[in-house]
Every structure is written in structure tokens, then in C-alpha cells.
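Secondary and tertiary structure notes
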Amino acid sequence: MSPFARPAPRRGNLSEHARLLQCVQGIQERSVRAVPWEPDTVGIPDAGSDSALARINDVAFYANARAEVAALAGVCAGLLRLHRPEERDEPGRHHCRACRLPWPCPTFGELARLLS
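Below is a short write-up of the structure. (Residues numbered from 1 in each chain as written. Predicted model: local features only at pLDDT ≥ 70, side-chain atom pairs only at ≥ 80, totals over all residues. Heavy atoms only, no water.)

Following the criterion strictly, the structure yields 3 salt bridges and no others. A salt bridge links Glu 86 to Arg 88, with the nearest nitrogen and oxygen atoms 3.3 Å apart. Given a relative accessible area of 73%, Arg 88 falls into the exposed group. We note a salt bridge from Glu 110 to Arg 113, for which the minimum N-O separation is 2.6 Å. Note that Glu 110 and Arg 113 are positioned in helix α3 (residues 106-114) at a spacing of 3 residues, about one turn of the helix. (Salt bridge = Lys/Arg side-chain N within 4 Å of Asp/Glu carboxyl O. Buried < 20%, exposed > 50% of the residue type's maximum accessible area, 1.4 Å probe, protein only. Helix = DSSP H or I, 4+ residues; strand = E, 2+ residues; numbered from the N terminus.)

Turning our eyes to something else, we now look at the nonpolar core. Leu 20, Val 24, Leu 80 and Phe 108 are the most contacted members of the largest nonpolar core, which has 15 residues in total. Counting only elements with at least two residues in this core, the list comes to α1 (16-33), α2 (52-82) and α3. If one sorts the elements of this core by residue count, α1 sits on top with 5 residues. Not counting the four nearest positions on each side in its chain, Leu 80 is found in contact with His 17, Leu 20, Leu 21, Val 24, Phe 108 and Leu 111. (Core = buried A, V, L, I, M, F, W, Y, C linked by side-chain atoms within 4.5 Å. Contact = heavy atoms within 4.5 Å.)

Let's shift gears to α3. For α3, every residue scored as buried is listed here: Phe 108, Leu 111 and Ala 112. For α3, the arc enclosing every buried residue in end-on projection is 100 degrees, short of the 170-degree limit, so these residues lie on one face. Across from the buried face of α3, at angles greater than 90 degrees, the exposed residues are Pro 106, Arg 113 and Leu 114. (Arc of directions from axis to C-beta.)

Looking at the element boundaries, His 83 is found in the loop between α2 and α3. Its relative accessible area of 10% is what places His 83 among the buried residues. Once you skip the residues sitting within four places of it in the chain, His 83 turns out to touch His 17, Cys 96, Ala 98, Cys 99, Trp 103, Cys 105, Thr 107 and Phe 108.

Right under this line is the structure:
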């Protein structure tokens, strides 16, 4: 199950926006604290493997994954901070704070779809 699709912990009634932002921020925090991966700490093909290119690609992926995951989580968190319901709207009429479209806006809808 995707970590984004798990039910939110019981911390009151979080909106879907708050739940997704909390999840993405958790990924961002964990990736920053994570120990960098190195060739001897991950399951990559043995040096004697027939495919040296596969080994090089795996090492490059693992070497960059920590920073790339943190960066992607940062982008998602930034978008979620921008695209949120306007707090000053009239009851029953909500708009996105960033794009002023009716809430939920297309940007939030797409983030929610991709992270579910």
C-alpha cells in the first residue's frame, strides 16, 4: 500500500490537504536524516555480475536517491503550502489561496491523485 494511501493517524480530523502535507513533510524529514547509501550498504549486483552497466546504474541511483527524494518531497510540500483553501472565504465557498480557483483546485487534485 502506498504510504500516501494509508489512513491518517488519529490526530483530530485532518483535512485531506493537511494529511498529504504532513505525509510529504515526513518523507522530507526522514530523507534528510537518512544515512547516505553506498555500494556496500545496498543490494546491488556482485562485482562479478555480467552487467557492469547495471551495477554502475544501480550505484548512481542509490548514491543520488537520498538527495533526489528530499528535493521531490520539498517540491510537493511547497506546492501543497501554496495550493490550500483560503481561510477567509465565506462558509460553503472555498477557493485556492494560490490560484483562486474553486477548492479543491486542479493542482491540489492532481497532487492528491498522484500521492494516493
